[in-house]
Structure formats: structure tokens, C-alpha cells
Number of protein chains: 2
Amino acid sequence: MPQDIDILVSEVGPRDGLQSIKRTMPTEAKLKWIKALAASGLREIEVGSFVSSRLLPQMADCAALVKEANKIEGLTVLALVPNLKGAENAIAAGTRKLTMPISASRAHSLNNIGKTPEEAIEEVRRVCAFRDALPVEQRPDVEVGISTAFGCTFEGKVSEDWVIEMAGLLSKAGADSIGLSDTTGYANPAQIKRMFARLRGEIGAEKMAGAHLHNTRGQGLANVVAALEVDVTTFDSSLGGLGGCPYAPGATGNIVTEDLVFMLEAMGLRTGIDVDALIIAREVLLCGLPNEAIYGNVPEVGLPKGFTYAGNKSAT
Amino acid sequence: MPQDIDILVSEVGPRDGLQSIKRTMPTEAKLKWIKALAASGLREIEVGSFVSSRLLPQMADCAALVKEANKIEGLTVLALVPNLKGAENAIAAGTRKLTMPISASRAHSLNNIGKTPEEAIEEVRRVCAFRDALPVEQRPDVEVGISTAFGCTFEGKVSEDWVIEMAGLLSKAGADSIGLSDTTGYANPAQIKRMFARLRGEIGAEKMAGAHLHNTRGQGLANVVAALEVDVTTFDSSLGGLGGCPYAPGATGNIVTEDLVFMLEAMGLRTGIDVDALIIAREVLLCGLPNEAIYGNVPEVGLPKGFTYAGNKSAT
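The shown structure was predicted, so the numbers you read here are calculated from the model rather than taken from an experiment.

A few words on the interface of chain A and chain B. With 36 residues of chain A in contact, the opposing surface of chain B contributes 36 residues. Only α8 (189–203), α9 (220–229), α10 (257–266) and α12 (298–301) of chain A provide two or more residues apiece to the side of chain A that touches chain B. The leading source of residues in the side of chain A that touches chain B is α9(A), at six residues. Residue classes in the side of chain A that touches chain B are distributed as 19 nonpolar, 11 polar and six charged.

Spelled out as C-alpha cells, the structure:
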């Protein structure tokens, strides 16, 4: 965590958002968008995914994006890797932080990647072993997000004990940090408080990554407030809530970066991010993806009159 | 508060929602809607406003609505009254609970009702004095909602000390309960916690009414979570977020009853309200107001698989 901010907002739009859209955004347009995001003050951006370009052609330019985004000063460039092969490619491209999603739900894991959760944990172990065999300066951080941690559209409730047990196993497998993802928009604030407190107890504060929350049932920012109550300091979000939702139009998936930053700053929590610059980044995004549906309340109505950022900077 | 619930959800749609729509919903349609709302388990409904029917023709049938809604067992029927004249009419119609909005912002108060906040407090005193002179069985409760309590579109920041001072003055003027309203969608969770804790300190827990929150900047349910942290137990909300927002399309005003009830029940807090029945009430509403834009995430995507209500009742 940089010293001058209280909360790290990790932007996932270029990966999580774009991978759920059928159209492919041109590489140049993606780079312009990533630069606009970084210019708003975001310190961490997930730029893409090292998956088979046959499966997700939208992500085929990930190596090029990492290479260019690495030139942006002060930015941590993340990329998703589904397995060892992806990790090898990511590291070859110079990725400094890898993120691996591992599903707590057996049905979701099998359906999604054809592996049991235990097999997926083994894959994390292999990635970490590969990483540990590299020269120190080439070793990226490996972060794991436990997906379907709060419920699953196949299984319904997911055992909370199992999610916490998985976090312990992933820590032992070598993951640097482990977070919890509400992949399905099932989480509620009471559960968020309970689970992040247990996660810290299981793996320790240093290894605790953030919360990846969805707004599927309108509860995204409510879950952020609950997570803040138990001292979670990193939140994933997506500019314009990009990515939408697999279920229904109008029901957003990822929480909206613009609304999240407004709320945190209004609460007196420094993010280092400028809301007006995020709104410019929306325009840049829409230049590359004309007419794409994006979301957000603050972009529609603007900041409150007399709004001041946490560091007392006035809004323009 | 009824014994069998933890949180009182007070539905404001028939008043707050309908008064911000230009069309007038026919009285029969309103009554059907109010009955559908009550059938979902809602215990308190604000059915209308005793204002001049010249100013708000949508509210002209308020006396008839109160009379009919009073027949619904277990339901507390609220009506808004702007002044003594409205209170006299409300009491003559048999209203058992009056709600008076008093603005903390001087500019908002003058602009809205042509009175200073001090003059508006005097009006509350007059209403309470009139009420106290009635035979005991005819005396309604008088609740005051301090509007623009968290900021104002004219003035920007509103003095928090003044809001709390007003609450003390209103208590002395005879109000039975006093709540805080985020009329403008300016509130943030840190402010909500601070202000409701101060409100309780000023007027005592018995006189503390609930939170009237808006979702203008996407922060409505986040503010609910913050209010729950300081033991607020009553929340206003509107079915379908009806009423919209004066600023921009798509930016909802009132928090959405369906999403609120889902979140509270998922957290293990009993509301006594059935979400599926609320979704039926949406249909009844739209029968009376065809094609009206209404909001809500849970109605679009449904309850999570395996969802159970706080009292362990399974979702249908």
C-alpha cells in the first residue's frame, strides 16, 4: 500500500470488464484507456488475462498491454493467469503481479475450468514453485482471489468453513496474498464482515488481499462499508461497472469505480484518485467501444456541491 | 416497533414516489397498490400528503386513502403534513401518525416552503399544541424528518451542529420522534454513523426515528449499513425506487424497498416482508401507472439460489 493513500482501489475493467464483452477493443484503444485510468490516480490496474486466445480473443494482446503499461510510473500492472502456462507467458511478458481466480464452489470450478478446487490449489502451488525458481528480480507477486466465496449460482450456499480452509491451503501453497470474490453477487454485509475477519485470522493481515465485490443485487457499496468495518483496505472495481452482468440487463456486475471513489473520499478515506479524471476515462473507454452500456450514479449526477476530497482538495 | 421484527421498513412510495410524478394515479389504483404493499408484510406506509391540492393534485385524495388504509389490520398509516392546516385535515381524516419535513438548510427551507427553519420549528410546536388539546384517543404521533440533514443542493455543506441543535429544539417543541433525511443524496457512511450517534445523544433513543436515505450517488444501501452500525432500526424506502430523481434519468431517488429488504433479511435482520410479494406489488403499481420507470436490482435478477429469510423461512 502506498503511504499516501488509505485505500487501494484496484481497477479491473480492462480485464474483467472487457472479457465479458463479445467485441474486441483494439490494442491501441485499450492502451489509451489504461493511460487515462492511470492518469486519474489509480495505482493498480488489471490489464488483461493470459488465457488461450482461442477461448478469449478479446485478451489476445495481453503481453503487449503489460509491456506498455509497465512504462507508466507508479502503476502496478496485474494480469490474470488461469494456470502454469499462463503464468509462464505472463512472467515472460514482464508481469509483476499475477492474479489467479480459484473457485470455492466445486460445481462452479468444474464447470468453469474442468478442475476441482483441490486441483486448482495444486496449480497455484505449481505456479508459485515456478516463480520461486526464478531469479529474485523476475519473481512476480502471486495473488489468489477465491471466487464464489459467498455463494454460487449452481450450488447456492457455499460452506464458509471450506472457503477459510482453502485460504489456509493457498497460503501454504505459496500465494503472497489471498482475497475473497463475490463472483455471483450473493454476498451480504453481515457475511462480508464475518468472512474477512475469519480470513485475517486464518492467513494474517499481511497476506490478506482485498474484496472483489459485485453490485448484482444493489448491495456492492454496502458490502464495501461492511468490509471497511473489519479493516479491508483493497477493493476491486470497474470503471463504468463495465462487464455488466450475465443475468439481466441493467443489473451491473462489478462495483463502479467512480461511485466507489466518491464514497471512500467522502468518508475521509484517501484513494489518490480524481473523480473528474475517471469521468474523462469513461469517454476514452467509449471511444474504443462505441455505444457500450456503462453504469454509475456519480457520473450521471455529479459530485455534491461543495464536495471535498479526503485530503481536503476541492472538487473542480 | 412490533416484537417480531428487528427492522421497520417504512414504505414511502405512495407519498414520496407519487408526488414527484406528474401523472395522477387514480384513487382506486392507489388503494390496490397500498393493499399489495401491506400484503407483502410492510407495517408502515406513508399513503399521501395533506397539502393544497392546487399545489399537488396527485395528493388530493389523501383523506380517502387514510380512511381506507386504516382498515388494513396491523398497518400504521402515515401522512405528510406541511403545516397546522394540513395537520387539522389529517387528524379529521383519522390519520394516526403525522410526518412533518423540516429543512435544516435555510436556503432549501425558504425556497421550498417560504419559511426559515426557525419558523418551521414553530409550526411543529403549533401542530403539537393542537394535537395535545385533543382527546387522548384522537392524538396522532408527530414525527419530524429533518431534511437536507447531510447537505443541500443550494448551500452545499449543512452545519452538523445546527442539524443536531434543530433536533433538540424539535423535541422540546413536542415532536414524538425525529429522523434525519438525506434529501439530496449527499450523505456518506461516515457521516451517517456520526450524525445518528449524535442524534441519539441529543434526543435519546426513544425519540429517535429512522433514516430516510436516497440512492442518488449509488450510496443508499451503503448508508443503511452505516446506520445499522449505530443501531438505527427504521428505514424509509420506496417500492421500485419510485420517484426517481430531479437531476438525471437513471439516477434513483429513494432507496429501493425490494433491494433493502433483501439485504436486511440476508444479514439476518427480520423485516417481516416477503420479497416475492413486493415484486407482485410492482405489477400492481404498474397497472395504475403504466410504463412508469421503476428501479431495483433484486427484481431484475431474483433472489440468490438457496436464499433464506432471517427467520429461516425459505424463499419460494
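So that's the structure; there's more coming.
So, about the pairing of strand β5 (residues 141–147) of chain A. All names here are of chain A. With six of seven residues buried, β5 lies mostly within the body of the structure. Across seven bridges, the pairing between strand β4 (residues 97–103) and β5 is parallel. Bridge pairing in β5 links Lys97 to Asp141. Sheet topology places β5 next to strand β6 (residues 177–181); four bridges connect them, and they run parallel. Note on β6: the bridge partner recorded for Val144 is Ile178. At this point the chain moves from β5, through helix α7 (residues 160–173), to the parallel β6, and the crossover so formed is right-handed.

Turning next to the packing of α7(A) against α8(A). Residue and element names in this part refer to chain A. Where α7 meets α8, the closest approach of the two axes is 9 Å, and the angle between their N-to-C directions is 35°. α8 is crossed by α7, and the crossing has right-handed handedness. For the pair α7 and α8, contact is made by Glu160, Val163, Ile164, Ala167, Gly168 and Ser171 and by Met195, Arg198, Leu199, Glu202 and Ile203, respectively. Of the residues assigned to the contact of α7 with α8, the class counts are six nonpolar, two polar and three charged.

Residue and element names in this part refer to chain A. In a regular helix each residue adds 1.5 Å, so 16 residues correspond to 22 Å; helix α6 (residues 117–132) covers 23 Å between its end C-alpha atoms and thus fits that length. Of all the residues in α6, the buried ones are Pro117, Ala120, Glu123, Val124, Val127, Cys128 and Arg131. End-on, the buried residues of α6 take up no more than an arc of 135°, which puts them together on one face. Exposed side chains of α6 directed beyond 90 degrees from the buried face belong to Glu118, Ala129 and Asp132. Each element contacted by the buried residues of α6 is listed here: α4 (84–92), β4, α5 (106–113), β5 and α7.

Let us look at the sheet that holds strand β1 (residues 8–11) of chain B. Residue and element names in this part refer to chain B. Strand order in this closed barrel of eight strands is β1-β2-β3-β4-β5-β6-β7-β8, and the pairing throughout is parallel. In this sheet, neighbouring strand axes are inclined to one another by 30° on average, regardless of whether the strands run parallel or antiparallel. The sheet contacts of helix α7 (residues 160–173) involve β4 (97–103), β5 (141–147) and β6 (177–181), and relative to β5 the element is tilted by about 165°.

What follows deals with the packing of α10(A) against helix α11 (residues 275–288) of chain A. Residue and element names in this part refer to chain A. Running from amino to carboxyl end, α10 crosses α11 at an angle of 180°, the nearest separation of the two axes being 10 Å. Classed by the angle they form, the pair α10 and α11 counts as roughly antiparallel. In this structure, α10 contributes Thr257, Glu258, Val261 and Phe262 to the contact, and α11 contributes Val275, Leu278 and Ile279.

Let's shift gears to the relation of the copies chain A and chain B. At an RMSD of 0.0 Å, chain A and chain B line up after a rotation of 180° and a shift of 0.0 Å along the axis. Expressed as a symmetry operation, the mapping of one chain copy onto the other fits a two-fold axis. Across chain A, the rotation axis passes nearest the C-alpha of Ala222(A), at a separation of 1.8 Å.

What counts, and where the lines are drawn
- As a convention, each chain's residues are numbered from 1 in the sequence order in which they are written.
- Throughout, the order in which chains and ligands are written sets their labels, letters from A for the former and numbers from 1 for the latter.
- Local features in a predicted model are, by the rule used here, given only for residues with pLDDT of at least 70; side-chain atom pairs are given and counted only at 80 or more, and totals for whole chains, interfaces and linings are based on all residues.
- Residue pairs are scored as contacts if the distance between their C-beta atoms, which are placed from the backbone, is within 7 Å.
- Helix and strand definitions here come from DSSP, where helices need a minimum of 4 consecutive H or I residues and strands a minimum of 2 consecutive E residues; each element is numbered from the N-terminal end.
- Each residue is assigned to one of three groups, with Ala, Val, Leu, Ile, Met, Phe, Trp, Tyr, Cys and Pro labelled nonpolar, Asp, Glu, Lys and Arg labelled charged, and all others, Gly among them, labelled polar.
- Partly exposed residues are those falling between the two cut-offs: more than 12 but fewer than 20 other C-beta atoms within 10 Å of their own, whereas 20 or more means buried and 12 or fewer means exposed, with C-beta atoms placed from the backbone.
- Two strands pair if DSSP finds at least two bridges between them.
- By convention, a crossover is right-handed whenever its connection, traced from the first strand over the helix to the second and viewed with the strands pointing away, goes clockwise.
- Angles run from 0 to 180 degrees between N-to-C directions of axes, and those axes are lines fitted to C-alpha atoms, restricted for helices to the stretch in contact.
- Two helices crossing with the near one rotated counterclockwise from the far one by less than a right angle form a left-handed crossing, whereas a clockwise rotation gives a right-handed crossing.
- In this analysis, the expected span of each helix is defined as 1.5 Å times one less than the number of residues it contains.
- Working definition: the arc comes from the directions between the helix axis and the C-beta atoms, pointing outward to the latter.
- For this classification, under 35 degrees means roughly parallel, over 145 means roughly antiparallel, 65 to 115 means roughly perpendicular, and everything else is oblique.
- Least-squares superposition aligns the copies on the C-alpha atoms of those residues with pLDDT at or above 70 in both.

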